[in-house]
Amino acid sequence: ECPLCLLPQPPEAFPSLASCSHRSCWACLERYLCLAVSESRVPVSCPHCPAALQPADVHRLLPQPALRDKYEEFLLRRLLVADPGTRWCPAPDCSPSQERFLITLSLVGLGVPREGCGTEFCYHCRQPWHPDGPCAPPAPSLASPTAQQEELAHGEALAQAEAEDIKVCPRCSAFIMKINDGSCNRMNCTVCGCLFCWLCLREISDMHFLSPSGCTFWGKRPWSRTRRIMWQLGMVLGAPMVISLAAGVAVPVITIGIPIYMGRKVLAGGPGSRRSSHSGCQQCLSVTSSVLLSLFVSPIITVLTVGVGVPLVLTYVYGTVVLSLCR
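For the protein, the name recorded in an unreviewed UniProt entry is RBR-type E3 ubiquitin transferase, with Poecile atricapillus as its organism. Regarding the protein, the relevant UniProt record gives this comment under Catalytic activity (unreviewed entry): "[E2 ubiquitin-conjugating enzyme]-S-ubiquitinyl-L-cysteine + [acceptor protein]-L-lysine = [E2 ubiquitin-conjugating enzyme]-L-cysteine + [acceptor protein]-N(6)-ubiquitinyl-L-lysine."

This is the structure we're talking about:
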C-alpha cells in the first residue's frame, strides 16, 4: 500500500530512492516532484523525511523535459547564490530572462565586458571599470538614461511591494511574499534555503524568537527598544518571585493531581471505554493500587520537573537576558 495515496500497488510500482529507504508509488512521486519543482522548492526532499532526493532520481521520476530543465536551473541558481565568487551584473537591462545576469571571476576576470551585454565593471565594488585606481565608493550608475528611469521605477515598485508584505531575502535578494493569514515570522527562502526572520530580515536559528531580540513569533513588527529593555528588566527583577510562585503552585498540583487523575481513570475503566465490569472489590483494589503507585511516582516527577525547569529558566534570565542588557 502506498503511504501517500493509500492504494494497493504491485511491488514494481515502488521505485527505490538513493537518498533514503522510504517507498511511495511512482504516480505519487511524479505528482509530488512536479509540484515541488513548479514552486521552486529545490533541492526536493523526500515526502516522508528531510533527506534531499538525488538529482539522478529526480531526472528519472520527472516526466516532462521542461520540468527537468527547470530543476537544473534552480539547482544552478542556488549553487551560484551560495558561491562567494559569483557576482551579479549591475546593469538593469541585463535581465535574468536573457540568461546574462551572472558573472564569475573564473570566467571573465576583471573589467572584461560580458558577451551580449557589454557592461564593464569592477569585480570587487561593482562600479564602472577603473583600471588605474583603487575601488571607490558607489559611483554613477552603469545604466543609460532610459535604464536609469526604469531602475527608478523599479525602486518605487520595490518600495510599494515591501509595503504590501513583500520583502527581500537577506542572502540572495529574492522577493518573498508573506500572506497575511496569521502565520509565523519564521521564513524559509525557496531559492537559497536561507532561514530568516520576517520582522528584522536577519538570518536566524531556532532560538531567535526565544532570545530578547524584540522579534515575536506571530507579531506584526518588532518591539521598540524601550519596550524591549523594560521587558528584560522586568524579567531580571521579577524572575525570583515568579519562579517561586510557579514552583509553589506546581509542586502540590503535580503531587496531588497525578494520584487523583490516575484514580479517576482506573475507576472509569480508561478513556473512551465502558465502565469496568469487575466486581466492586476488584475495582476498589485496582483504584487503591493505582493511587498508591501514583503517590510514590508523583514526588519523583515533581522533583525532576522543578529540578530541571527552574535551573533552565534561571540560566536563560540571568544569562541570555542579562547579556543582552549589557550589550
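There is more to say after this.
Is there a simple way to think about the pattern of salt bridges in this case?
Close approach of charged atoms allows side chains of opposite charge to pair. Applying the stated rule across the entire model yields 3 salt bridges. The shortest N-O distance in the salt bridge between arginine 41 and glutamate 39 comes to 2.9 Å. A relative accessible area of 32% means that arginine 41 is categorised as partly exposed. For aspartate 57, the salt bridge is made with arginine 60, and the minimal N-O distance between the two is 2.9 Å. Linking aspartate 57 with arginine 60, this pair stays in helix 2 (residues 55-61), spanning 3 residues, or about one helical turn. Among the residues examined, arginine 60 registers a relative accessible area of 37% and is labelled partly exposed.

In this structure, what is going on with the confidence of the model for the protein? I would like to understand it.
Keep in mind that low pLDDT regions are not for reading the predicted coordinates in detail. Summing up the model confidence of the protein, the mean pLDDT is 75 and the portion of residues at 70 or higher is 73%. For residues 95-112, every residue scores under 50 in pLDDT, and the model assigns this stretch 42 contacts once sequence neighbours within four places are set aside.

Is there a simple way to think about helix 1 (residues 26-38) in this case?
Between the first and last C-alpha of helix 1 there are 18 Å, a value that for 13 residues agrees with the 18 Å anticipated at 1.5 Å per step. For helix 1, the complete set of buried residues consists of Cys28, Leu29, Tyr32, Leu33, Cys34, Ala36 and Val37. A positive phi of about 60 degrees marks serine 40, the residue just after helix 1.

What counts as what
- Residues numbered from 1 in each chain as written.
- Predicted model: local features only at pLDDT ≥ 70, side-chain atom pairs only at ≥ 80, totals over all residues.
- Heavy atoms only, no water.
- UniProt positions renumbered as here; feature names shortened; annotations may be inferred.
- Salt bridge = Lys/Arg side-chain N within 4 Å of Asp/Glu carboxyl O.
- Buried < 20%, exposed > 50% of the residue type's maximum accessible area, 1.4 Å probe, protein only.
- Helix = DSSP H or I, 4+ residues; strand = E, 2+ residues; numbered from the N terminus.
- pLDDT = per-residue confidence, 0-100.
- Contact = heavy atoms within 4.5 Å.
- Expected span 1.5 Å × (residues − 1).

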